[in-house]
Amino acid sequence: MSEGALISRFPLNERGRDLAVGDIHGYFALLQRALDRAGFDPARDRLFSVGDLTDRGPECAEALDWLDQPWFHPVCGNHDDYVCRHQSCDRENWIQNGGSWFQCLSRAEQDSFAARYRMLPIAIEVATPAGPVGLLHADCPFPSWQTLLDRLDGGVTGGQLRAIKNICLWSRRRIELMDESGIEDLVALIVGHTPLSAPARLGNVFYIDTGGWYPHAGGFFTLLDLHSLTPVSLSPSP
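Residues numbered from 1 in each chain as written. Predicted model: local features only at pLDDT ≥ 70, side-chain atom pairs only at ≥ 80, totals over all residues. Heavy atoms only, no water.

For the protein, the count of helices and strands is nine helices and eleven strands. A globule of 238 residues ought to have a C-alpha radius of gyration of about 18 Å, and the protein, at 17 Å, matches this closely. Dimensions of the protein, computed from C-alpha atoms along their principal axes, come out at roughly 45 × 45 × 35 Å. Taking as baseline every contact in the protein between residues at least 6 positions apart, the subset at least 24 positions apart corresponds to 69%. When the accessible surface of the protein is split by element, carbon and sulfur atoms take 50% of a total near 10,200 Å². Averaged over its 20 positive side-chain charges, the protein has a centre that lies 1 Å from the centre of its 30 negative ones. (Helix = DSSP H or I, 4+ residues; strand = E, 2+ residues; numbered from the N terminus. Rg over C-alpha atoms; globule rule 2.2 N^0.38 Å. Contact = heavy atoms within 4.5 Å. Areas by Shrake-Rupley, 256 points an atom, 1.4 Å probe, with all protein chains shown as cover. Lys, Arg positive; Asp, Glu negative; His and termini not counted. Charge placed at Lys NZ, Arg CZ, Asp CG, Glu CD.)

Okay, structure coming up:
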């Protein structure tokens, strides 16, 4: 099965806004409400996602419809990687973490999801008026963004690629240590993976998973404007 590029690069959006959203986890209706409140215009604006499109929520099957939208651009999250590796991953662990929806799909449907998810990049770089902004799901494995890009552009494979992906998709080291050293060669790095009660910043690393996927416990979607690095939607959906 072919895979997509490990990096996706986007030029400056001169027509509208670039917004980033935290982990979605199958709550696309609530995400749409947040976009509506923020006045999102799909004809001019772009929405970048830090990954984890599915698992846990009631609308996981709608992920493919969202991926068909020309304005929606996610990186791969650790839950998305379960889909990519569905034939070899720890299925019991996945089900315990919200993956039961996938097990109910037909073989053809599973293959369709896996093929589309394997096209998700590990990293996204977006040009902004202030300079490049990067997106990963969890963390950058190097102090320099350019080092990560060089490794991924250089065709890294095997164990080296797995080690890089493990940090990009799973690491919480930075936030656990409250490490404010930041990432060189970027205006900002935007990540999710670690659910927080409010968006947070460590150096130039912005954490924006504020639990839009657990609205029953007060979570909400944060939409971060990549040009101003300020949230445009912070209130829970009504």
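Quick look at the nonpolar core now. Counting 61 residues, the largest nonpolar core has Leu47, Leu136 and Trp145 as its most contacted members. Counting residues per element, this core draws most heavily on helix α1 (residues 28-37), which supplies five residues. For Leu136, the residues in contact, after removing those within four places along its chain, are Val50, Val75, Ile122, Ala123, Trp145, Leu148, Cys168, Leu189, Ile190, Val191 and Gly192. Formed by 16 residues, the second largest nonpolar core is a distinct cluster that contains Phe48, Val126, Ile208 and Leu224. (Core = buried A, V, L, I, M, F, W, Y, C linked by side-chain atoms within 4.5 Å. Buried < 20%, exposed > 50% of the residue type's maximum accessible area, 1.4 Å probe, protein only.)

Time to look at unusual backbone geometry. Look at His25: it is not a glycine, yet its phi comes out positive at around 50°. Its place among the elements puts His25 in the loop between β2 (18-21) and α1. Residue classification places His25 among the buried residues on the basis of a relative accessible area of 0%. Residues other than glycine seldom take positive phi values, yet Leu229 does so here, at roughly 60°. Within the element layout of this structure, Leu229 appears in the loop between β10 (223-225) and β11 (230-233).

With that settled, the discussion passes to the sheet that holds strand β9 (residues 205-207). Read from one edge of the open sheet, six strands run β1-β5-β6-β7-β9-β8, paired in mixed fashion. Either end of the sheet is taken by a strand with one partner, and the two such strands are β1 (7-10) and β8 (200-202). This sheet shows a mean twist of 20° between the axes of neighbouring strands, independent of strand direction. Relative to β9, strand β7 (residues 188-191) runs parallel, the two being bridged by three bridges. (Pairing = 2+ DSSP bridges. Axes fitted to C-alpha atoms, helices over the stretch in contact; angles between N-to-C directions.)

Tallied over the full model, the rule gives 13 aromatic pairs. Ring geometry for Tyr82 versus Trp170: centroids 6.3 Å apart, planes at 85°, classification edge-to-face. Of this pair, Tyr82 sits in helix α3 (residues 78-84) while Trp170 sits in helix α8 (residues 158-170), and the two are 88 residues apart along the sequence. Look at Tyr82 and you get buried, because its relative accessible area is 5%. (Phe/Tyr/Trp six-rings, centres within 6.5 Å; stacked < 30°, edge-to-face > 60°.)

What the rule picks out here adds up to ten salt bridges. Two residues, Arg44 and Asp41, come together in a salt bridge whose shortest N-O distance is 3.1 Å. On the basis of relative accessibility, which here comes to 26%, the residue Asp41 falls in the partly exposed class. The shortest N-O distance in the salt bridge between Asp81 and Arg85 comes to 2.8 Å. Residue classification places Asp81 among the buried positions, given a relative accessible area of 8%. When salt bridges that share partners are traced, they join Asp139, Arg173, Arg174 and Asp179 into one network. (Salt bridge = Lys/Arg side-chain N within 4 Å of Asp/Glu carboxyl O.)

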